[in-house]
Amino acid sequence: MTRIVALRYLVAALVLSLLVGCGRPPELIGVVNPDFPAASFDLHRQKVFIATTRQATEVTGAFFTAQRAPELGLASVEVTIPPNHMPGRVERARQLPPDPRREFTVVDPTVFDSDGAFVAALNKELATRPPGQRSVMFFVHGYNTSASDGILRLAQFVEDTKFEGVPVLFTWASAASTPRYVYDLNSALVARAKLKEITEILTRTNAEGFGIFAHSMGTFLTMEGLVDAQLASRLKHHGKLEHIVLAAPDIDIDLFRTQVSILPASIREKLYVLVSKDDFALRISRRIAGGVPRVGAADAAVLERLGVTVIDLSKIHDASSSNHTKFAGSPQVVQIIGQGLNANTQFSRSPSPALGQLLAASPIQIFGN
């Protein structure tokens, strides 16, 4: 790496650091407030199942580290939602212990010592839903994300979309550090091999259907996993796969063209790409990547020609300063996504009347063949 390239990378990382704040909030998995324990309050809760390539740790609040583990870990937690929760936001504690009356808490962390125990627990949770709602949302988080970050974001997203099924988080070994972009990219590649393992575990459950929702660098991992499955002829048995949503994809657009070309038409028609031209985080990523456009900030018409459905969020306001989390940070977007997920319209080109009215009244644009 030349001195000029290294300097540009450092400047980009520093700029992005300003976007996410001067200091990270504390890890809070399993941290109970002794004065105000979550169990003492009638709070809404979200059960989140976890598959991870992170190493486990005894460090207070962390549960899993940024180090890569050789084996897939399986776990679950419960996330309590504070009564003052506002859609699009994660009311997160800036210091420990969290106060469940005003902040999200992550309680009851459970580690499963076998695939069978994980499947049994997930089936038990699925059984609490009526038939027709026993689906799984497989969520793959993005770059610069800790285990706590991923859990809280997924719980908030499920809460705000009112998703009726069971969420499963795939948390790969992100360093949760802005300058460590290359480490995260390599961690995503390392985790690719474990996607096959967790997919096979999930197919042994009683889920009626599966949806994949990936964000940022997690979309790169997801697409690579799909390509691997196609090349190994494993995508032939995808009858329960309902949709694949790629939110703000941090993928080289030339690589994406290659990935999409390998996938069969039956999978391409289930791909939904959420883009926004004002995504500042992807501008920085593009600079780090040598100027190659990122899919999440690309022109919708260009992507549509690849045979995928594109949802343009450029005119939507995001609660964050980087416009990189509009899928969860905009109340308007989460409402529309929630109706799409629960009605199984999958952001259809011929949506249900209620969803169609909502789309017509919004600045969201959908492009598809």
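Rules and cut-offs
Residues numbered from 1 in each chain as written. Predicted model: local features only at pLDDT ≥ 70, side-chain atom pairs only at ≥ 80, totals over all residues. Heavy atoms only, no water. pLDDT = per-residue confidence, 0-100. Contact = heavy atoms within 4.5 Å. Helix = DSSP H or I, 4+ residues; strand = E, 2+ residues; numbered from the N terminus. Expected span 1.5 Å × (residues − 1). Buried < 20%, exposed > 50% of the residue type's maximum accessible area, 1.4 Å probe, protein only. Core = buried A, V, L, I, M, F, W, Y, C linked by side-chain atoms within 4.5 Å. Arc of directions from axis to C-beta. Polar contact = N/O pair within 3.5 Å; in protein donor to acceptor, adjacent residues only side chain to side chain. Salt bridge = Lys/Arg side-chain N within 4 Å of Asp/Glu carboxyl O. Pairing = 2+ DSSP bridges. Axes fitted to C-alpha atoms, helices over the stretch in contact; angles between N-to-C directions.

K.L.:
If you had to explain the confidence of the model for the protein chain to someone new, which residues and values would you point to?
P.N.:
With 86% of its residues at a pLDDT of 70 or more, the protein chain shows a mean pLDDT of 88. Low confidence marks residues 1-7, where pLDDT is under 50. Its contacts with residues over four positions away, or in another chain, come to one contact. Segment residues 9-22: pLDDT under 50, and 21 contacts once partners within four positions in sequence are set aside and those in other chains are kept.

K.L.:
Before we move on, can you summarise the environment of proline 331 with the specific residues and values?
P.N.:
Residue placement: proline 331 occurs in helix H11 (residues 331-342). Between the alpha carbons of proline 331 and isoleucine 316 there is a distance of 9.8 Å; along the sequence they are 15 residues apart.

K.L.:
How would you summarise helix H5 (residues 217-231) if you had to cite specific residues and measurements?
P.N.:
Taking 1.5 Å of rise per residue, the 15 residues of H5 would be expected to cover 21 Å, and the 22 Å separating its terminal C-alpha atoms lies within 8% of that figure. For H5, the buried fraction is high: 12 of the 15 residues fall into the buried class. When we look at burial in H5, the residues that qualify are Met217, Gly218, Thr219, Phe220, Leu221, Thr222, Met223, Glu224, Gly225, Leu226, Val227 and Ala229.

K.L.:
Summarise the nonpolar core; cite the residues concerned and give the values.
P.N.:
Phe118, Leu122, Phe170, Ile198, Met223, Phe256 and Leu303 are the most contacted members of the largest nonpolar core, which totals 54 residues. For methionine 223, the residues in contact, after removing those within four places along its chain, are Leu246, Ile251, Phe256, Gln259, Val260, Leu263 and Leu271. Grouped together as the second largest cluster of nonpolar side chains are 37 residues, Phe104, Val106, Ala328 and Ile337 included.

K.L.:
Quick rundown of the environment of phenylalanine 220? Include the residues and the values.
P.N.:
With respect to the helices and strands, phenylalanine 220 occurs in helix H5. C-alpha separation for the pair phenylalanine 220 and isoleucine 251, spaced 31 residues apart in sequence, amounts to 5.6 Å. In this structure phenylalanine 220 touches Leu185, Ala188, Leu189, Asp250, Ile251, Leu255 and Gln259, once residues within four positions along its chain are discounted.

K.L.:
An account of helix H8 (residues 280-288) is requested, with residue identities and associated values reported.
P.N.:
Residues Ala281, Leu282, Ile284 and Ser285 constitute the buried set of H8. End-on view of H8: buried residues confined to an arc of 155°, all on one side of the axis. Its side-chain oxygen 3.2 Å from the backbone nitrogen of alanine 281, aspartate 279 forms the N-cap of H8. Glycine 290 sits one or two residues past H8 and shows a positive phi near 85°.

K.L.:
Mind laying out the pattern of salt bridges, listing which residues take part and the relevant values?
P.N.:
Charged atoms that come close allow side chains of opposite charge to pair. This structure, assessed with the given rule, holds 16 salt bridges. In this structure, aspartate 250 engages arginine 294 in a salt bridge whose closest nitrogen and oxygen atoms are separated by 3.0 Å. Taken together, the residues span a long stretch of sequence, with aspartate 250 in the loop between strand E7 (241-247) and helix H6 (253-262) and arginine 294 in the loop between H8 and helix H9 (300-304) at a distance of 44 residues. Note on aspartate 250: relative accessible area 5%, which makes it buried. Judged by relative accessible area, arginine 294 falls into the buried class, the value being 8%. Residues joined in a network through salt bridges with shared partners are Arg24, Arg92 and Asp149.

K.L.:
So what about the sheet that holds strand E8 (residues 271-275)? Which residues, and what values?
P.N.:
The sheet built from 10 strands is open, its strands ordered E3-E2-E1-E5-E4-E6-E7-E8-E9-E10 with mixed pairing. Edge positions in the sheet fall to strand E3 (105-111) and strand E10 (365-367), since each of these pairs with one other strand and no more. Across the sheet, the mean angle from the axis of one strand to that of its neighbour is 20°, orientation sign disregarded. As judged from the five bridges shared by strand E2 (residues 64-81) and E3, these two strands associate in the antiparallel manner. In the sheet register, alanine 75 faces E3, and the bridge partner there is valine 111. Relative to the sheet, helix H2 (residues 115-126) contacts strand E1 (44-56), E2, strand E4 (135-140) and strand E5 (166-171), its axis offset from that of E1 by approximately 160°. Relative to the sheet, helix H3 (residues 147-161) contacts E1, E2, E3, E4, E5 and strand E6 (209-215), its axis offset from that of E1 by approximately 150°.

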